[in-house]
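Chains, contacts and geometry: an overview
Chain by chain, the residues:
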Amino acid sequence: MKVITTIREMQKTIREIKLQQKSVGFVPTMGFLHDGHIRLMENARENNDVLVLSIFVNPLQFGPNEDFDAYPRDFERDSEIALSKGVDYIFYPSVEEMYPKEMSVKALVQQRTNVLCGESRPGHFDGVATVLTKLFHIISPDRVYFGLKDAQQVAVVEGLITDFNFPIELIPVDTVREEDGLAKSSRNVNLSPEERLEAPVLYESLLYAKRLVEEGERNTDLILSDMKKLIEEKSSGSIDYIEIFSFPELEPLPVIEGKIIIALAVNFKKARLIDNIIISI
Ligand code: AMP
């Protein structure tokens, strides 16, 4: 495994790999790796000749009052995990390497962002689309792997790949969870011990909603207010949003039908957690 920190060397390496007609699987992350990232790496390892992992905490996707500085980082540990999972290259650029000066052109995401995290984090998905556009050009992967925990990100990336004609296959991967149901997240370490005990109620409320829908409930307001009640009863977190939309279009549903996403975000003192469930009716 090799760690590459410059764009120039990464591009040179990829050119050599492509000359040998090898396929490239790419897992973009912000590091502080956990089982969710590992699932993406395993999936990519199985289906590609070469596996590239990127670790880059992208300042462009954090708002001014968000946790860019507090975002957990541990490169030593990450590189040990990557090595054990068969990663061939870690692309680990500095902020200066990726953004040597203010960008003259940035990506602007026009659809699927006026709801959920896009609504509460203005500019977030523009930052995601901008860094991914750079990474896709630098790494030229055949396949890119994203977790469905960030389902809106999957929807946005699908649009980015289609609209900008990247010759890349997007592979969505199911959410990996702790034993008590909490979705694995780098941000979970920022929960207090009490909050950590409360946090599984997020997934519990999603499963409850899923059961209601499967039993025939079609009233969105009723489902959402029951979920809200459950979360408020069992946690100290404050709900940012709970919504039901079509997936991947992320449009409101007068009647619940087809492929739907039930998604939520809850703010704890030092961690904002998101989770979702996607079901077909
Ligand atoms: P991040 O480092 O948070 O930007 O995440 C990098 C990738 O890992 C994204 O595609 C995430 O959706 C994915 N990911 C994060 N948490 C999980 C999880 N619990 N299960 C599956 N994928 C995940």
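In this report, the structure presented in the accompanying data block is examined.

**Here's the deal with the environment of valine 201**
Here valine 201 is to be found in helix α9 (residues 201–214). Distance from valine 201 to glycine 181, taken between C-alpha atoms, is 8.4 Å for residues 20 residues apart in sequence. Among residues more than four places away in sequence, those in contact with valine 201 are Leu230, Ile231, Lys234 and Ser235.

**Here we look at the sheet that holds strand β8 (residues 259–267)**
Strand order in this open sheet of three strands is β7-β8-β9, and the pairing throughout is antiparallel. Two strands lie at the open edges of the sheet, namely β7 (238–246) and β9 (272–280), each paired on one side alone. Adjacent strand axes in the sheet meet at a mean angle of 10 degrees, parallel and antiparallel pairs treated alike. Summarising the sheet, β7 and β8 pair through eight bridges and their orientation is antiparallel. By the bridge assignment for β8, isoleucine 239 is matched with valine 266. Contacts between α9 and the sheet are confined to β8 and β9, with β9 contributing the most and set at about 20 degrees to the helix.

**Focus on the site of the ligand**
In the vicinity of the ligand, 17 residues are found, and the nearest of them are Met30, Gly147, Asp150, Val176 and Lys184. Note that an oxygen atom of the ligand is positioned 2.9 Å from one of the side-chain N or O atoms of histidine 37. Within the backbone of valine 176, a nitrogen or oxygen atom sits 2.8 Å from a nitrogen atom of the ligand. Protein coverage of the free-state accessible area of the ligand, which is 480 Å², stands at 92%. At the level of elements, β2 (24–29), α2 (35–47) and β5 (143–147) are the ones that each hand at least two residues to the shell around the ligand. By residue number, the principal contributor to the shell around the ligand is α2, which donates three residues.

**Focus on the nonpolar core**
Within the largest apolar cluster, 49 residues are counted, with the highest numbers of intra-cluster contacts made by Met10, Val52, Phe91, Met98, Leu132, Phe136 and Ile139. Top contributing element to this core by residue count: helix α6 (residues 124–139), with nine residues. Dropping the residues within four chain positions of it, phenylalanine 136 is found in contact with Phe26, Pro141, Val144, Phe146, Val157, Leu160, Ile161, Phe166 and Ile168.

Cut-off values and rules
- Residues numbered from 1 in each chain as written.
- Predicted model: local features only at pLDDT ≥ 70, side-chain atom pairs only at ≥ 80, totals over all residues.
- Heavy atoms only, no water.
- Helix = DSSP H or I, 4+ residues; strand = E, 2+ residues; numbered from the N terminus.
- Contact = heavy atoms within 4.5 Å.
- Pairing = 2+ DSSP bridges.
- Axes fitted to C-alpha atoms, helices over the stretch in contact; angles between N-to-C directions.
- Near = heavy atom within 4 Å.
- Polar contact = N/O pair within 3.5 Å; in protein donor to acceptor, adjacent residues only side chain to side chain.
- Areas by Shrake-Rupley, 256 points an atom, 1.4 Å probe, with all protein chains shown as cover.
- Core = buried A, V, L, I, M, F, W, Y, C linked by side-chain atoms within 4.5 Å.
- Buried < 20%, exposed > 50% of the residue type's maximum accessible area, 1.4 Å probe, protein only.

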